[in-house]
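Results of the structural survey
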Amino acid sequence: MKTDTRVKVSKLLKSEPGVEMLVKGWVRTKRGNKNVVFVALNDGSTVNNIQIVFDMTQFSEEALKPVTTGSCIAVEGTLVASPGGGQSVEISAKSIHLYGTADPETYPLQKKGHSMEFLREIGHLRPRTNTFGCIFRIRHAMAFAIHKFFNDKGFFYLHTPVITASDAEGAGAMFQVTTLDLNNIPRDEDNRIDFTQDFFGRASNLTVSGQLEGELGAMALGEIYTFGPTFRAENSNTPRHLAEFWMIEPEMAFYEIKENMDLAEEFIKYLVKYALENCAEDLKFLNDMFDKELLARLNSVVETEFVRLSYTEGVDILMKSGEKFEFPVYWGADLQSEHERYLVEKHFKRPVILTDYPKEIKAFYMKQNEDGKTVRAMDVLFPKIGEIIGGSQREESLEKLEARIKEMGMESEGLWWYLDTRRFGTAPHSGFGLGFERLLLFVTGMSNIRDVIPFPRTPKNAEF
Ligand code: ATP
Ligand code: MN
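Along each chain, residue indices are assigned from 1 in the same order as the chain's sequence is written. A letter from A marks each chain and a number from 1 marks each ligand, given out in the order of writing. For this predicted model, a pLDDT threshold of at least 70 governs which residues receive local features, and a threshold of 80 or more governs which side-chain atom pairs are given and counted, while totals over whole chains, interfaces and linings are taken from all residues. Derived side-chain values reflect all non-hydrogen atoms in the structure, with water molecules and hydrogen atoms excluded from consideration.

We now examine the overall build of the chain. Helix numbering and strand numbering both begin at the N terminus, where a helix is a DSSP run of H or I of at least 4 residues and a strand a DSSP run of E of at least 2. Counting secondary structure elements, the chain contains 13 helices and 16 strands. Seen through its principal axes, the chain has C-alpha atoms that stretch 85 × 55 × 45 Å. Counting every position in the chain, which comprises 464 residues, the buried fraction comes to 49%. Contacts are assigned to residue pairs that have any heavy atoms within 4.5 Å of one another. Considering only residue pairs separated by 6 or more positions, the chain has 66% of its internal contacts joining residues 24 or more positions apart. Categorising residues by exposure relies on relative accessible area from a 1.4 Å probe, with only protein chains included: less than 20% of the type maximum marks a residue as buried, more than 50% marks it as exposed, and the intermediate range marks it as partly exposed.

As structure tokens, this is what we get:
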């Protein structure tokens with residue numbers, strides 16, 4: 001190889017013919033005859049392949065024999081205008097170097113059109129498919145857009161801990177973190193596990209949410225957001241729950257519920273618009289291959305105002321709907337995905353923000369309303385998904401917060417540091433949590449959350 005000026009396929013496909021260059025990537029397909037061989041090469045930079053043309057008067061059959069689907073090659077050649085349809089340029093090959101073969105007998109992605117279920121079983125190789133290439137490029141773009149959105153607004157990215165000793169939120173079942181010898185657990189006089197001998201000197205676990213620590217940041221820096229992995233030992237095995245997922249949690253001093261809703265709506269619209277503008281090719285592929293309504297749905301979310309109504313009004317609509325739900329609806333019920341989707345897809349036909357939920361089904365920190373029954377919660381409900389965001393205005397009164405903690409029979413001891421925000425310079429504040437993978441379900445049109453994260457963690461599944 002003479003030149004080391006490797007050009008990515010994404011750039012090549014937009015370049016003018018005539019340049020000499022080097023391209024490296026994985027073979028998607030090879031076809032041809034004894035005069036000419038065509039190789040479709042992909043390097044992950046785009047869903048599109050570059051076609052490489054081998055004039056067989058210049059190459060030996062031997063040299064091209066190991067170039068099969070899945071093998072990795074480098075090719076030097078000239079970018080030329082393509083006479084065939086489907087692409088404007090192709091590469092006329094001058095030399096080839098084979099990095100790695102992929103035995104056609106055993107390479108699992110030899111053929112196209114595998115089911116999503118099968119691809120989950122070969123999760124270590126599925127990024128090499130067009131579909132997962134699209135999904136993971138979109139995932140990257142959305143992560144970048146999240147930082148851009150908040151940075152442009154003057155929010156600060158706060159890193160909250162992955163390991164915590166607080167079981168404060170009760171947001172979900174937790175994974176314990178310990179260095180104790182599980183075959184020889186130390187016990188105290190009362191025969192309880194002696195966590196003072198554990199690494200942190202107390203029982204600790206993986207975080208279920210960065211919110212409580214996020215609030216500490218908001219009460220100092222004003223507007224912050226977290227964006228990190230979150231762990232819940234959800235045993236539910238639904239297409240919307242992972243045991244390890246990423247969550248974005250903005251937390252803002254001086255925001256009341258109205259500003260919180262405005263921010264949530266602006267945020268999601270920004271992200272969807274960003275995807276439409278920056279991931280057009282990948283979205284088009286997913287639209288054509290999986291979900292013919294994807295682009296229409298994304299465009300419609302950007303353009304329509306979200307409906308805002310109270311939980312009480314929502315439950316009323318559901319009870320009067322005459323619809324047969326698997327789970328019963330009544331005032332006080334925790335809404336299930338089927339209820340949320342009914343409101344969004346059938347009744348309003350647009351995203352919905354539901355507010356003022358019964359306090360019994362929401363966390364202790366939410367601001368209590370005058371009625372004594374509801375709290376200033378807000379859930380954003382989306383088509384095909386149900387809850388995509390959960391948030392609230394936070395209770396800023398120390399007195400009310402302590403009373404609620406007691407009422408719920410929670411231990412306030414471990415929360416002293418959190419309560420200090422209300423003890424010293426308390427202020428109205430609000431925040432919410434957006435599940436990153438739920439957002440990606442919506443943006444990619446995928447129907448199973450296992451397909452929008454590179455390495456899904458679900459019950460009995462953590463091999464790769
Ligand atoms: P759900 O009722 O759907 O289980 P939740 O009420 O437990 O959600 P929150 O505790 O409010 O959710 O978490 C905030 C956001 O995190 C949710 O709106 C959702 O987008 C996301 N989320 C929650 N649990 C999971 C999970 N197990 N896997 C992926 N995303 C999740
Ligand atoms: Mn949950």
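That covers the picture; the talk isn't over yet.
We define proximity as follows: a residue is near a molecule or strand when any one of its heavy atoms falls within 4 Å of that partner. For ligand 1, the set of nearby residues contains 15 residues, the closest of which are Glu-234, His-241, Leu-242, Glu-387 and Ile-388. Within 3.5 Å is the distance limit for a polar contact, defined as a pair of N or O atoms, with the added protein rule that one can donate a hydrogen and the other accept it, and that residues adjacent in sequence qualify only through two side-chain atoms. With respect to ligand 1, the backbone of Leu-242 contributes an N or O atom lying 2.9 Å from a nitrogen atom. With respect to ligand 1, the side chain of Arg-438 contributes an N or O atom lying 3.0 Å from an oxygen atom. Only the protein chains shown count as cover for residues, and the accessible areas themselves come from Shrake-Rupley with a 1.4 Å probe. Expressed as a share of its isolated accessible area of 590 Å², the protein-covered part of ligand 1 is 81%. Broken down by secondary-structure element, the contributors of at least two residues to the shell around ligand 1 are strand S11 (244–253), strand S15 (386–393) and strand S16 (429–435). With four residues, S15 is the largest single contributor of residues to the shell around ligand 1. Classifying every residue of the shell around ligand 1 gives six nonpolar, four polar and five charged. Under this grouping Gly is polar, as are all residues other than the nonpolar Ala, Val, Leu, Ile, Met, Phe, Trp, Tyr, Cys and Pro and the charged Asp, Glu, Lys and Arg.

Two strands pair if DSSP finds at least two bridges between them. Sheet architecture is closed into a barrel: five strands sit in the order S1-S2-S3-S5-S4, paired in mixed fashion. When the angles between neighbouring strand axes are averaged without regard to direction, this sheet yields 55°. To get an axis, a line is fitted to the C-alpha atoms, and for a helix only the part in contact is used. The angle between two axes follows their N-to-C directions and goes from 0 to 180 degrees.

Only the six-membered ring of Trp is used, alongside the rings of Phe and Tyr, when aromatic pairs are assigned; centres must lie within 6.5 Å, and planes under 30 degrees apart are stacked while those over 60 apart are edge-to-face, with the rest tilted. With the rule as written, the count across this model stands at 22 aromatic pairs. Their ring planes at 20° and their centres at 4.5 Å tell us that Phe-150 and Tyr-225 sit as a pair that is stacked. Here the residue Phe-150 occupies a position in helix H4 (residues 130–153), and Tyr-225 occupies one in strand S10 (residues 223–231), the gap between them amounting to 75 residues. Each member of the pair Phe-150 and Tyr-225 is classed as buried. Ring geometry for Trp-417 against Tyr-418: centres 6.2 Å apart, planes inclined by 75°, an arrangement best described as edge-to-face.

One can describe the packing of helix H9 (residues 311–320) onto helix H10 (residues 337–348) by two numbers: an axis separation of 11 Å at closest approach and a directional angle of 75°. Taken together, the axes of H9 and H10 are roughly perpendicular relative to one another. Residues Gly-314, Ile-317 and Leu-318 of H9 pack against His-339, Tyr-342, Leu-343, His-347 and Phe-348 of H10. Taken together, the residues of the contact of H9 with H10 break down into five nonpolar, three polar and no charged. These descriptions rest on fixed angle ranges, namely under 35 degrees for roughly parallel, over 145 for roughly antiparallel, 65 to 115 for roughly perpendicular, and the rest for oblique.

The subject of this paragraph is the environment of Ile-353. Summarising the element assignment, Ile-353 is placed in strand S13 (residues 352–358). Judged by its relative accessible area of 0%, Ile-353 falls in the buried class. When near neighbours in sequence (up to four residues on either side) are disregarded, Ile-353 contacts Met-261, Glu-265, Phe-306, Val-307, Arg-308, Leu-309, Met-378, Asp-379 and Val-380.

These figures come from the coordinates and say nothing about function on their own.
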